[in-house]
Structure formats: structure tokens, C-alpha cells
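Structural characterization, general
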Amino acid sequence: MAKFDPRKKYKEQEEIFFDDGREMELLQFIYNKQDLEDIRGSPHKVLAAIDEFARTQKYLMNVGEDKGRIITDLIAGFKPQVMVELGGYVGYSCILFGNALRKAGGKRYFSLERHPDFVTVISSLVDLAGLSDIVQVIEGPSDASIKELHATGTLQHIDLMFLDHYKPAYTTDLKLCEELKLIAPGSVLAADNVIKPGNPPYLEYVRSSVKQKKQVTKAAQTVNGVDTRFANRTANQYLQREGEAKLDETRVGNPLLIYESRLVHSFEPSGVPDGVEITRCIGVAEAGSYAPA
Ligand SMILES: C[S@@+](CC[C@H](N)C(=O)[O-])C[C@H]1O[C@@H](n2cnc3c(N)ncnc32)[C@H](O)[C@@H]1O
């Protein structure tokens, strides 16, 4: 693994590190730049401006350059047609991956974001980057948006899904996508933050064999559908604005899907070690082949 370059370090992550007005400050910072006309239409320059803000003004919870490269390399090799990201924030991953998707000949990038103010920021920066033709920003909680996109026929199959929203919702949203057959053999998942802050229930699920998934008899300890293995800080990250999370813990997904999963080590843009879990759906087992005893 390449070393972290300290010159690219974001500002320290504070106790309150988002939704305190900094996202609108970012917009002002970019739109006040002398070279705005030079930035317009360049995804690379918009990303550089976001990085500059996060390095010189305030921390932003973006995927960042190092982890981002893992996924842009994946896009270049795998050449997905349709991508979905869960959690858009200010549009960093959306611009980075939307641009990579376009270069790889892909068709559509859906960015699902629940916070209306963040949707405004994403849409504005995606437009500035000249990516509005390929990127569609969808406002609302991810599970409702996934259901709606599926019900209207807008989304029928996901080639590559980037999971980067509420950590306990990674597993419930993946299971929803499995039930709707949006994730099927050929689909790839890239899950951020599986080391920092970590996501034991998700890693356990995508690393389980079909047999192990079918044999799970003991339900996890949960509060409102949130696995108690998550630290309180992670479980309550969006409590102030969104209220208590109520995840659907009854979701079973499709345990017959066969996954192959590996962890790629990297760094947060603040220099803290983190990793992206890359999971490929490589097949589907025959129903009944692993019937529990
Ligand atoms: C870590 S940030 C995403 C960063 C972004 N992917 C990037 O790298 O540029 C997480 C985002 O997920 C959003 N979010 C959290 N829970 C969500 C949910 N259930 N549905 C949609 N968005 C959600 C938050 O509002 C926040 O903007």
C-alpha cells in the first residue's frame, strides 16, 4: 500500500464535523474563486477546489483521493453501465466516479442523498463540473429512493454500488437491493469506511458463504434495527437532524447470492487508515441446496 502524503491531509475532523454550515461555505468558497470560469466544465478542477477547501478551511467527510483511486481504477477496468451511490454529501465521490464512469463508457450515475441542503450542494457542483448529463441526484432516504427508482423502472440492475451513507444501513439497503434483484450476479459493491469507523455486520454478511447465511439462527442484538456492535457515535450520527434511525431488521435479502469479497487498505483524506471492501456477486446457488437442518 502506498504511503499517505501528509501534504494532502485534510483539516482535523472536529467533534461536530458536518451540517454546521460548512457545506454552504464550500459553495461560496468555490464560486468566489478568481478562476471560476477555468474550473467550469472540469471535474478534475472542481475536485481540486473541494480538496483545497478541506485542506485549508474545514474538514469534509469525502471519500478523498486515496480511497477514491481504488474505485476509479475499478470503474476503468470493470466498465459499469449503471452506478448507484448511497450518500452523496457535497458531491466529491459523485464527481470523481461520475467522471470515471463517463470515461469508461457508462450511462448513468445515481447519487442518493437524504439531506436537502446537501442535495443542493451536490447538484450545483455536478453542474459546475459539467456532469449533469450522466449524474442524477435523488433526494430522500436511500431505502425509499431505491424502492421508487425500482418501482418506476428507472433502475433495473446495478452494475456498481458505492455504499457511503449511514453505516448501519449498508446491510439493510444491500438486502433491499437483493430482494428487488437490483444486485445480481455480475454486480459489484464498494463499501467505504469498513475500518474507520468500521462495519462488522456488513463485512460479516458479504463475507459469508450461502451456507453460512442460511444457517444464521441467532438474530443480532439490535435497537431500532441498528446492530449494537456499532459505537453510539456511529449509530447516532444523523440523530439530530433525521431523528432516530428505524432500519428494517426483518429484511432477509437473497441469501442464495454468492459473493467474493476482499478488503483494500487505504487512507482517509485526514491520513487515518481506512479501507474499502470490494465485493463481487459471482453467482446464485440453487434454492434448497443449502436448506437449514
Ligand atoms: C460520508 S458522507 C458521503 C460522502 C460522499 N460519498 C463522498 O465521498 O463525497 C454520508 C452522506 O450520507 C448521507 N446519508 C446518511 N444516511 C442516509 C440515508 N439513509 N439515505 C441517503 N443519504 C444518507 C448523509 O446526509 C451524508 O451526506
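Look above for the structure.
Model, not experiment: these values are computed from the prediction. (Residues numbered from 1 in each chain as written. Predicted model: local features only at pLDDT ≥ 70, side-chain atom pairs only at ≥ 80, totals over all residues. Heavy atoms only, no water.)

Right, let's get into helix H5 (residues 92–103). The terminal C-alpha atoms of H5 lie 17 Å apart, and with twelve residues this matches the ideal 16 Å at 1.5 Å per residue to within 8%. Burial analysis of H5 places ten of its twelve residues in the buried class, the great majority of the element. Of the residues making up H5, those classed as buried are Tyr92, Ser93, Cys94, Ile95, Leu96, Phe97, Gly98, Asn99, Ala100 and Leu101. Within two residues after H5, glycine 105 carries a phi angle of roughly 90°, on the positive side. (Helix = DSSP H or I, 4+ residues; strand = E, 2+ residues; numbered from the N terminus. Expected span 1.5 Å × (residues − 1). Buried < 20%, exposed > 50% of the residue type's maximum accessible area, 1.4 Å probe, protein only.)

This part is about the site of the ligand. In the region of the ligand, 21 residues are neighbours, and Val63, Gly87, Glu113, Ser142 and Asp164 sit closest. One of the side-chain nitrogen or oxygen atoms of serine 93 is found 2.9 Å away from a nitrogen atom of the ligand. Note that an oxygen atom of the ligand is positioned 2.6 Å from one of the side-chain N or O atoms of glutamate 113. If you list the elements that add at least two residues to the shell around the ligand, you get H5 and strand E2 (108–113). The residue inventory of the shell around the ligand, partitioned by class, reads ten nonpolar, eight polar and three charged. (Near = heavy atom within 4 Å. Polar contact = N/O pair within 3.5 Å; in protein donor to acceptor, adjacent residues only side chain to side chain. Nonpolar A, V, L, I, M, F, W, Y, C, P; charged D, E, K, R; others polar.)

This part is about unusual backbone geometry. With an omega dihedral of 5°, the bond running from lysine 196 to proline 197 counts as a cis peptide bond. You will see that tyrosine 89, though not glycine, has its phi angle at about 55°, which is positive. For tyrosine 89, the location among the structural elements is in the loop between strand E1 (82–86) and H5. The phi dihedral of lysine 181 is positive, around 65°, even though this residue is not glycine.

This brings us to the nonpolar core. Among the nonpolar cores identified, the biggest contains 52 residues, and Ile30, Ile50, Ile95, Phe97 and Leu125 are the most heavily contacted of them. Per-element tally for this core: the top contributor is H5, with seven residues. In contact with isoleucine 95, not counting residues within four places along its chain, are Pro43, Val46, Leu47, Ile50, Leu125, Val126, Ala129 and Leu131. In this structure, Val84, Leu86, Cys177 and Tyr205 belong to the second largest nonpolar core, which totals 28 residues. (Core = buried A, V, L, I, M, F, W, Y, C linked by side-chain atoms within 4.5 Å. Contact = heavy atoms within 4.5 Å.)

Burial within E2 is extensive, with five of its six residues counted as buried. Pairing geometry for E1 and E2, over five bridges, is parallel. Pairing of valine 84 across the sheet is with phenylalanine 110, part of E2. Handedness of the β-α-β unit built from E1, H5 and E2 comes out right-handed. Read from E2 through helix H6 (residues 116–128) to strand E3 (residues 135–139), the crossover connection turns out right-handed. (Pairing = 2+ DSSP bridges. Right-handed = clockwise from strand over helix to strand, strands pointing away.)

Mapping asparagine 62 onto the fold places it in the loop between helix H3 (43–56) and helix H4 (64–78). In contact with asparagine 62, other than residues within four places in its own chain, are Tyr10, Ile50, Tyr89, Val90, Tyr92 and Pro269.

Counting across every chain of the model gives zero disulfides. Between cysteine 94, a free cysteine, and cysteine 177, which holds the nearest cysteine sulfur, the sulfur-to-sulfur gap is 17 Å. Here cysteine 281 is not disulfide-linked; the sulfur of cysteine 177 is the nearest cysteine sulfur, at 12 Å. (Disulfide = S-S within 2.5 Å.)

Looking at helix H7 (residues 142–151), one finds that the buried residues are Ser142, Ser145, Ile146 and Leu149. The arc enclosing the buried residues of H7, seen along the axis, measures out at 100°, which places them on a common side. Buried residues belonging to H7 abut E1, E2, E3 and helix H8 (169–179). Trailing H7 by a residue or two, glycine 153 shows a phi angle of about 80°, which is positive. (Arc of directions from axis to C-beta.)

On their own, these measurements won't tell you what the molecule is for.
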